[in-house]
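# Structural overview for review
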Amino acid sequence: MTDTPDIKWNYSSYTDKMGRTYIISYYNKWDPIKKQSRVAKRVHVGRLNADTGEVSLSKAFLEEHPEYICESVFYENNQLVVRSDEEAQEIKKEAELDLSWRCDCISFGLTYTLWEMAKKQAIISSLKAVFGDDGVEFLRLGIYELCSHGMAMHNYEDWLSMYYLPEAKPLSSQKISRLLASVTQEKIDEYFKLRHERLVESHLQRKQLANKQGLYIPPMIMAIDSTSISTYSQSIENAAFGHAKQDDFLKQVNLTLCVDYETGDVCYAYESEGSLNDMTIFPDILMRMQNLGLDLSEVLITTDRGYSSVMNVQKQINCRLRFLTGVKLTEDSIKAKINRYKDSLNNPLFMKGTLAVYARTGEIEKWSSTVDGITVDHDVYLHLYHDGALGERQTIAFMCEVQRLLDIKNNNLKMDSNLWRNYSRFIEQDKQSKVWHLNADAVQKACRYNGYFAIRTNEVSDPFDSLVIYRERNIVETAFKQFKVLNDGERLNATGSSYKGKIFIHLLAQTLRMMLSVSAASHKAEGKVLPGESLEKAMLQLKKLQATKPAGRGIYITKEIPKKTRDLFELFCVPFPKKQIKN
């Protein structure tokens with residue numbers, strides 16, 4: 001109906017006793033006698049197809065409004081909307097979808113957030129480029145692993161019936177097994193090469209813009225961290241007995257992740273034999289990344305003390321890489337420098353209050369590399385630190401364990417073999433009284449350097465700036481550990497033929513979780529924080545947002561979005577969902 005200045009036509013629907021729905025049009029007119037608005041005229045528009053929303057216009061209506069002849073007219077938001085033939089066919093196709101396997105009310109918020117993040121970071125396009133259409137299924141399985149807290153893959157289709165994932169279909173256990181078996185190391189490397197190239201390109205664009213404005217931005221920072229995953233399988237080639245903190249009766253594989261600080265995206269992953277430690281693995285990681293052609297010239301590699309060794313520092317210098325790494329105090333030269341500068345490391349003039357730590361550069365070390373017979377000198381900064389509060393906590397924890405051992409020995413209680421092995425050198429027995437007491441010299445020596453630590457870097461000259469970068473990698477480390485705890489990530493239930501695929505799903509799930517963590521942390525300065533400072537609580541709140549399916553329709557309608565959920569969408573930089581969502 002065409003509105004005039006005096007008349008505004010409204011549309012409504014009604015359903016008769018036979019269940020048929022019709023659209024009517026009407027306009028109201030003010031009744032000055034009864035002092036109320038009343039229907040002045042009502043016109044029958046046509047019958048509504050409840051499945052598609054299309055209106056079969058009545059002959060009388062078309063005679064009065066010939067502009068609708070040969071048009072596809074739909075009833076949407078209490079209005080008549082003309083759709084093109086393509087749009088009309090798409091709507092009809094959606095209505096014909098068989099969604100009988102899916103619940104009429106589904107959890108929507110969390111899976112929608114994860115899907116939109118993956119789309120925004122081009123994870124979907126990278127997966128499709130490597131795996132074709134199957135790539136999207138890997139993402140869906142990754143979201144399932146993250147949201148289901150480690151449920152077995154054969155439960156996927158039951159879980160899917162209760163959660164939103166666009167254009168998803170149930171997958172049988174056999175289909176999932178075939179998908180996992182199709183994942184090879186070559187395809188994993190190809191995927192991460194695409195991810196790394198995208199991150200470097202994004203960094204170079206930011207750098208180019210900053211240069212035009214006369215600003216400096218630091219290199220692209222990549223944190224490297226690793227974990228071990230235990231397995232019952234006897235057919236996994238890299239499974240071996242290692243230094244497991246738990247389940248030491250099981251073999252394990254090591255999984256190392258290279259994570260971008262800016263986005264939390266995993267830009268490379270390396271799976272290795274479980275008996276190898278981080279220090280030994282590190283040169284192999286660098287070699288594999290370079291052999292794949294990954295551009296590391298714009299990258300600052302950050303590692304913790306587990307990767308620290310003189311050989312690994314030299315390896316990075318030889319490869320012309322930028323690095324920032326924690327240093328083990330087992331190096332006698334580091335202890336000697338701490339002793340030399342202890343006065344400074346306890347002087348308030350060398351403290352930065354916002355970081356609550358003392359710091360100074362111990363010295364600029366001279367390193368060299370030789371390429372094609374030419375020796376090049378390199379400056380490496382050795383930054384020294386003292387955190388008094390950390391030292392107190394370390395000393396208290398240490399003395400608690402030593403005291404526990406003393407109590408066991410003096411009261412003839414059952415001995416803890418691990419406790420004795422770790423702390424027996426700090427106690428001794430009086431030969432006459434047979435009473436156990438502290439070994440004063442050993443205890444003082446053990447606690448002498450509590451709270452002290454060091455960082456080596458060939459990139460960042462300021463010790464406090466170096467510490468900020470080093471601490472930021474804790475976001476990655478914390479997310480890594482929490483994921484294992486919440487998703488049963490300590491166990492790998494897979495055979496030799498499918499474990500590469502299972503690890504790849506694990507990597508996608510870990511990527512999404514770290515993206516959530518990094519996105520939340522990046523907005524903390526703006527006063528936007530996670531509810532209860534907990535990512536788990538935020539994920540639960542998102543899960544509560546639901547969508548319902550109208551009878552006979554191939555769409556879902558999102559329920560009213562509460563403010564807490566809208567705030568989380570903003571925190572994770574995800575657009576608000578539309579009212580109507582497709583399968």
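In short, a report on the structure. Since this is a predicted model, take the numbers as computed values, not measurements.

### Observations concerning the packing of helix H3 (residues 109-120) against helix H16 (residues 499-522)
- Axis separation between H3 and H16 bottoms out at 10 Å; the angle between their running directions is 90°. Classified by the angle between their axes, H3 and H16 sit roughly perpendicular to one another. Where H3 approaches H16, its residues Thr-113, Leu-114, Met-117 and Ala-118 are matched on the opposing element by Leu-512, Met-515 and Leu-516.
- Residues belonging to the contact of H3 with H16 are distributed by class as follows: 6 nonpolar, 1 polar and no charged.

### Regarding helix H4 (residues 123-131)
- Those residues of H4 lying buried are Ile-123, Ile-124, Ser-126, Leu-127, Val-130 and Phe-131. Down the axis, H4 shows its buried residues gathered within 160° of arc, on one side only.
- Each element contacted by the buried residues of H4 is listed here: H3, helix H5 (134-148), helix H8 (185-212) and H16.
- Positioned one or two residues after H4, Gly-132 has a phi angle of 70°, which is positive.

### Quick word on the pairing of strand E15 (residues 374-386)
- Note that strand E14 (residues 357-371) and E15 share 13 bridges and pair antiparallel. Within E15, the residue paired with Tyr-358 across the bridge is His-386.
- The turn linking E14 back onto E15 is made up of 2 residues, and Asp-372 within it adopts a positive phi angle of 55°.
- Of the strand pairs in this sheet, E15 and strand E18 (residues 452-457) are connected by 6 bridges, and their pairing is antiparallel. Residue His-383 lies in a different strand from E18, and its bridge partner there is Ile-455.

### Considering the packing of H16 against helix H17 (residues 535-543)
- Running from N to C, H16 and H17 cross one another at 105°; their axes reach a closest spacing of 11 Å. The orientation of H16 relative to H17 falls into the category roughly perpendicular. Contacts from Arg-513, Leu-516 and Ser-517 of H16 reach H17 at Leu-535, Glu-536 and Met-539.
- Along the lines of polarity and charge, the residues of the contact of H16 with H17 split into 3 nonpolar, 1 polar and 2 charged.

### As for the packing of aromatic side chains
- Summed over all chains, the structure comprises 22 aromatic pairs.
- Here Phe-398 and Phe-426 contribute two aromatic rings whose centre-to-centre distance is 4.8 Å and whose plane-to-plane angle is 85°, an arrangement assigned as edge-to-face. One end of the pair, Phe-398, is in helix H12 (residues 388-410); the other, Phe-426, is in the loop between helix H13 (417-423) and strand E16 (427-429), and 28 residues separate them in sequence.
- A relative accessible area of 6% places Phe-426 in the buried class.
- It is Lys-409 that lies over the ring of Trp-420; its NZ or CZ is 4.8 Å from the centre.

Quick notes on the rules
- Residues numbered from 1 in each chain as written.
- Predicted model: local features only at pLDDT ≥ 70, side-chain atom pairs only at ≥ 80, totals over all residues.
- Heavy atoms only, no water.
- Axes fitted to C-alpha atoms, helices over the stretch in contact; angles between N-to-C directions.
- Helix = DSSP H or I, 4+ residues; strand = E, 2+ residues; numbered from the N terminus.
- Parallel < 35°, antiparallel > 145°, perpendicular 65-115°, else oblique.
- Contact = heavy atoms within 4.5 Å.
- Nonpolar A, V, L, I, M, F, W, Y, C, P; charged D, E, K, R; others polar.
- Buried < 20%, exposed > 50% of the residue type's maximum accessible area, 1.4 Å probe, protein only.
- Arc of directions from axis to C-beta.
- Pairing = 2+ DSSP bridges.
- Phe/Tyr/Trp six-rings, centres within 6.5 Å; stacked < 30°, edge-to-face > 60°.
- Lys NZ or Arg CZ within 6 Å of the ring centre and 35° of its normal.

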